[in-house]
Amino acid sequence: FFDRIVLAYLVADFGIQTVHFSSPYIVKNELSYDIEPFVNDYNIGIVKSKSERPVPLVLVNSLANGIKASISPITAAPSPPIKFKRPNIEAKLYKFVDTKNQRNMYSSVYFSTDSQRSICYITFLPYAIYVNHLPIPVSLTLFNKNDVTYQIGTSQSIDVSFLKDKKSRLKIKVKVEAFGES
């Protein structure tokens, strides 16, 4: 660390040694949609689905006030910021307002450290997913307020984090082409 807010490391490529400077905090998006995180109401930029983005160095000290995020493009105010006391302890629940689909999506946010690289990750994960472990594709229909059908290939998953909001009974129909439906 340099001045306790910048990570400096040396990389040797083809005999050339390069010193890299980086933020010690990375926002990682494992969700199925893009997000825009905020630190102290400052938007750090779009974090595409399945990618990551460093927290700007000028905001590292402000992380003590928490981090919040919105679905990109922003159409609703973000939920209140979440704060972490220590890394690798617990995941926290975070709500996204999805005005496009008129529902709330939920995320488990986990604060962890990579001690070998001296980097802290703030990872946004889906709150609930369905995964197809069958060797053939399936059709999954969720019957609730709005009926939704998904086609899930082998080893694929879908984010169903919006189900956390539902207070009514949920009915599920699974259809496998060769076997019919349940």
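Described below are features of the structure shown in this document. (Residues numbered from 1 in each chain as written. Predicted model: local features only at pLDDT ≥ 70, side-chain atom pairs only at ≥ 80, totals over all residues. Heavy atoms only, no water.)

**Overview of unusual backbone geometry**
A cis amide bond links Ser-72 with the next residue in sequence, Pro-73, at an omega value of -5°. Even without glycine at this site, Asn-40 takes up a positive phi of about 55°. Residue placement: Asn-40 occurs in the loop between β4 (35-39) and β5 (42-43). For Asp-41, which is not glycine, the phi dihedral falls at a positive 65°. (Helix = DSSP H or I, 4+ residues; strand = E, 2+ residues; numbered from the N terminus.)

**So, the pattern of salt bridges**
In total, this model carries three salt bridges according to the counting rule given. We note a salt bridge from Asp-34 to Lys-48, for which the minimum N-O separation is 3.8 Å. Residue Asp-34 is located in the loop between β3 (25-29) and β4, and its partner Lys-48 is located in the loop between β5 and β6 (51-54); the two are separated by 14 residues in the primary sequence. Owing to a relative accessible area of 22%, Asp-34 belongs among the partly exposed residues under this scheme. A salt bridge links Lys-68 to Asp-41; the nearest nitrogen and oxygen atoms lie 2.6 Å apart. Here Lys-68, found in strand β7 (residues 68-71), pairs with Asp-41, found in the loop between β4 and β5; they are 27 residues apart in sequence, far enough to count as distant. With relative accessibility at 58%, the residue Asp-41 sits in the exposed group. (Salt bridge = Lys/Arg side-chain N within 4 Å of Asp/Glu carboxyl O. Buried < 20%, exposed > 50% of the residue type's maximum accessible area, 1.4 Å probe, protein only.)

Just distances and angles here, no functional claims.
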